[in-house]
Amino acid sequence: MAESTITAKGQTTVPADVRALVHAKQGTRLVWSVMPDGTIIVRAKTKSILDMAGMLKSTKRKRVGIDEMNPWR
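First things first, this report covers the structure right here in the doc. (Residues numbered from 1 in each chain as written. Predicted model: local features only at pLDDT ≥ 70, side-chain atom pairs only at ≥ 80, totals over all residues. Heavy atoms only, no water.)

## Quick word on the environment of proline 71
Note the cut-off: Strands are runs of DSSP state E lasting at least two residues, helices are runs of H or I lasting at least four, and both sets are numbered from the N terminus onward. Categorising residues by exposure relies on relative accessible area from a 1.4 Å probe, with only protein chains included: less than 20% of the type maximum marks a residue as buried, more than 50% marks it as exposed, and the intermediate range marks it as partly exposed.
Along the chain, proline 71 turns up in the segment after helix 2 (66-69). With a relative accessible area of 68%, proline 71 lands in the exposed category. For the pair formed by proline 71 and lysine 25, sequence separation is 46 residues and the distance between their alpha carbons is 50 Å.

## A short note on a nonpolar patch on the surface
Definition in use: A patch is a set of surface residues, each over 30% in relative accessible area and not in a salt bridge, joined within 9 Å for like charges and within 5 Å for the nonpolar side chains Val, Leu, Ile, Met, Phe, Trp and Tyr. What sets the accessible areas is the Shrake-Rupley method with a 1.4 Å probe; for residues, cover comes only from the shown protein chains. Take a side-chain nitrogen of Lys or Arg and a carboxyl oxygen of Asp or Glu: if they are within 4 Å of each other, that pair is a salt bridge.
On the surface, Leu30, Trp32, Val34, Ile40 and Val42 cluster together into a nonpolar patch covering about 490 Å² of accessible area. Listing elements by their share of the nonpolar patch, those giving two or more residues are strand 1 (29-34) and strand 2 (40-45). The leading source of residues in the nonpolar patch is strand 1, at three residues. With respect to the secondary-structure elements, valine 42 resides in strand 2.

Written out as structure tokens, the structure is:
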């Protein structure tokens, strides 16, 4: 199990073996989640929403306007 210490400034270093496992490098953002039981989950945020652009293929369907989506009109 990897360990790190929190400094007086509230900083810590992510252990090298953990950084290697999540492919973290300088600038990688970490997302911290505190569970109700006090467990802390830290995830490396490696992808941006912009990385997903173009993943879905067009269905070539006719576009529908917002007014047409409202069934009560």
